[in-house]
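Next come the chains, spelled out residue by residue.
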Amino acid sequence: MASGTVYSQRDPVLKKRDDFEDILEERRNSSDLRYALKCYTPVLYKGVAPCKSSMLKSMVLQSDQLHYVIQQVSKETGRQTDNVQEEVSAILDEMAHSLQLSTVRFFAFSLTKIFKSLFKSICVNEEGIQRLQQAIQDHPVVLLPSHRSYMDFLLMSYLLYTYDLSLPVIAAGMDFMGMKFVGEMFRMSGAFFIRRSFGGNKLYWAVFSEYVKTMLKNGFAPVEFFLEGTRSRTSKSLTPKLGLLNIVMDPFLKGEVFDVNVVPVSISYERILEETLYARELLGIPKPKESTSGLFKARKVLSEDYGSIHVYFGQPVSVRSLAEGRVNRCQFNLVPRHIPGRPDDDVHSFVNDSAYKLVRAQEDNMVLKPWVLLASLLLQKQAAGGQEQGMALDELTAQAVWLRDLSRQYGAFLHWPDQMTPSEVVSSSLTLHRGLVRTYEGKVQLALEHEGGPAEPVKPQSTATLEEKLLSQAVIVLSCASYRNQALHVFLRPALLASAIHAASSNLKQEVFNSFSFLRNMFSNEFILCPGATVQDFEEACYLLVKTGALQVTQQEVLVTERGHRTLSFLVSMLDPFLQGYQVVCQFLCEEATETLTEKLFIPAIRKFIIKHLLSGRLRYVEVLSSDLQKNSLAAFLRLGAVEKIKGVDQETLKVNMVMVNSLEDTLGGKLPPQKAVAARL
């Protein structure tokens, strides 16, 4: 049973968060040019002097580790050492940043103009900035922003320049380098460019890791990268990538620095610039290639209103504190520091656990806007078949207030303007997102039909036209779902418990826990669920639902109260699209999978299968068309052994274990109880 004593110190409502200041307010009342040309004298780590690009390259090229790898590659390939050295220099020239203050000032001036046009406000927690300032002086710093938009890395540098902090060096994909002029300007404002994949290239990996570690160890600048590796197209946090985190922790683990401060940064957009682009990508429409001409064509967005941005700089996290009691650093004394090696299982487990904690820290400080709650309610209404009637504005407002109070009790960092009436807050949100929602005769509904009147009955049309109409509706639904997803970390654990209660064959606590454990394990590729924390998550979910009066939990039973039905119904509906998505993947694997199915063919094939089922009315949720959900479900089935990769002569194929997939489908649908052997027991 989850007791008050377990969570009294961790009640999310008791968590204190900093206040925000709008940095655009001052920009609107003063000269942009004076701001761009201001005196910029950031304090660096232990007062080191700024490092020129040529000096940094020289330090990297002279490092013992790089010399060792060059010798190894020379021996393995039979190439001359000088030849390998030339390749190293070429890689470094392609990769390295070359910070120019004049370029930074140009960006400061230009971005001020753009931000004032696009956003009502950019709100920053200044206490977090003060903590960061101190952290930069004490130890090498790594900045880990959330990644929901291309705007993220520009915004981060802009903020640090605004507050006179040392500009970060930013790990950027090679895509940007292909943009004429702009790519080089990014390089001159702190970006260093890395290839998207270089797994087996020992030489490239050595140059890359040594470049990052040289900057970090010497404290020349904060190192910034995105822990999730890429932008989230769904606004859900992605499973963290460990490569760069391994690299920045290595100097501490090898005793080359006393500590490293890692600062999670949460960037929350009221309206995402790429919302439609993301939805189209999730439906299989490829993203446009980054280009300078594309950037200028995107200027039309400057006439739109994108609301506010909230940027929250979290508490600096000491790698030394994280490693205490987890990693025995003596093992690193047995091998010379310059000899690279793979981390052992203990180190890998430590880095992996740390990555999940850091992403959770990002999630905890994401600011939710009222539209996130409205999108959640409207999507549930649409899936329940209420799209044609819509939802009365008064009813939507009342439900939003109920959900506002519930989310606050669950610890959501909600930005709900208390100086406005609830109806004003709702109307303001609907106006900002008028591309996704419309109000007609006092009813609110998703903008799935053409503007004008209420939704008309579908006229007989060709299949192709019906499919096109379905996909255009899916763009709206997936765009709304991306806002709903921003609140998933708040409701996830209670929603898993609500779904477990719904699926369990009795009220017995152990049975509910077994069901919870099964769902949590199934969705661990979909959501950020810390490894090995099943019991802790179950207790947290029990605590929150008991606290809000939805459950009574005894030593033996989990009972739903009379007032709890509404809460549990909402929570089950929150998770339902994902449950149905995984079930339909099971159906596809059993009915349509062939011996020649590959990972590359999987997404187009299942998309076709889902479209057929949606058009026939056999599926409720249009959002199961999301390629993100489909990829995550396949990853889960591969992890569980229900699908296996078989190496062939030319390519890997997917082999389906029909019995196991059928069993998983029945368990997801509540027809079978979860396996008795679960990872942990209460």
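You'll find the structure just up there.
Draft legend 1. Inspection of the overall build of the protein chain at higher detail. Counting secondary structure elements, the protein chain contains 27 helices and 16 strands. For the protein chain, whose C-alpha radius of gyration is 26 Å, the value lies close to the compact-globule estimate of 26 Å for 682 residues. By its C-alpha atoms, the protein chain is 70 × 60 × 60 Å across when sized along the principal axes. Put simply, the protein chain has 682 residues, and 55% of those count as buried. Considering only contacts in the protein chain between residues 6 or more positions apart, those separated by 24 or more positions represent 77%. Total accessible area on the protein chain is roughly 30200 Å²; 52% of this is exposed by carbon and sulfur atoms. Charged side chains in the protein chain number 75 positive and 73 negative. The centres of these two groups are separated by 2 Å.

Draft legend 2. Fine view of the sheet that holds strand β11 (residues 437-440). Spatially, β10-β12-β11 is the arrangement adopted by the three strands of the open sheet, whose pairing is antiparallel. The open sheet is flanked by β10 (391-392) and β11, the only strands paired with a single partner. Judged from the two bridges that link them, β10 and strand β12 (residues 443-446) form a sheet pairing that is antiparallel. Residue pairing for β12: Met391 is matched across the bridge by Val444.

Draft legend 3. Up close: helix α13 (residues 275-282). Listed as buried for α13 are Glu275, Tyr278, Ala279, Glu281 and Leu282. Projected down its long axis, α13 shows its buried positions confined to an angular sector of 160 degrees, all on one face. Of the residues trailing α13, Gly284 is marked for its positive phi of about 95 degrees.

Draft legend 4. Fine view of the packing of aromatic side chains. For the structure shown, the criterion picks out 25 aromatic pairs. Ring centres of Phe527 and Phe578 lie 5.1 Å apart, and the angle between their planes is 75 degrees; on these two criteria the pair is classed as edge-to-face. Taken together, the residues Phe527 in the loop between α22 (509-522) and α23 (534-547) and Phe578 in helix α24 (residues 564-591) connect sequence positions 51 residues apart. You can call Phe527 buried: its relative accessible area is 5%. Looking at Phe578, the relative accessible area reads 3%, which means it is buried. Three or more aromatic residues joined by ring pairs make a cluster, and in this case those are Tyr35, Tyr40, Phe115, Phe119, Tyr158 and Tyr161. The ring of Tyr161 has Lys38 sitting right over it, with the charged end atom 4.8 Å from the ring centre. Lying across the ring of Phe258, Arg320 places its NZ or CZ 4.0 Å from the centre.

Draft legend 5. Highlighting unusual backbone geometry. Of note in the backbone geometry, Ser235 takes a positive phi value of approximately 65 degrees without being a glycine. Counting through the fold element by element, Ser235 comes out in the loop between β6 (223-224) and α12 (243-253). A positive phi angle, close to 55 degrees, is found at Glu441, a residue other than glycine. Along the chain, Glu441 turns up in the loop between β11 and β12.

Draft legend 6. Looking closely at a negative patch on the surface. On the surface, Asp19, Glu21, Glu25, Glu126 and Glu127 cluster together to form a negatively charged patch. Examined against the element boundaries, Asp19 turns out to sit in the loop between α1 (4-7) and β1 (21-22).

Parameters at a glance
- Residues numbered from 1 in each chain as written.
- Predicted model: local features only at pLDDT ≥ 70, side-chain atom pairs only at ≥ 80, totals over all residues.
- Heavy atoms only, no water.
- Helix = DSSP H or I, 4+ residues; strand = E, 2+ residues; numbered from the N terminus.
- Rg over C-alpha atoms; globule rule 2.2 N^0.38 Å.
- Buried < 20%, exposed > 50% of the residue type's maximum accessible area, 1.4 Å probe, protein only.
- Contact = heavy atoms within 4.5 Å.
- Areas by Shrake-Rupley, 256 points an atom, 1.4 Å probe, with all protein chains shown as cover.
- Lys, Arg positive; Asp, Glu negative; His and termini not counted.
- Charge placed at Lys NZ, Arg CZ, Asp CG, Glu CD.
- Pairing = 2+ DSSP bridges.
- Arc of directions from axis to C-beta.
- Phe/Tyr/Trp six-rings, centres within 6.5 Å; stacked < 30°, edge-to-face > 60°.
- Lys NZ or Arg CZ within 6 Å of the ring centre and 35° of its normal.
- Patch = residues over 30% accessible without salt bridge, like charges linked within 9 Å, V, L, I, M, F, W, Y side chains within 5 Å.
- Salt bridge = Lys/Arg side-chain N within 4 Å of Asp/Glu carboxyl O.

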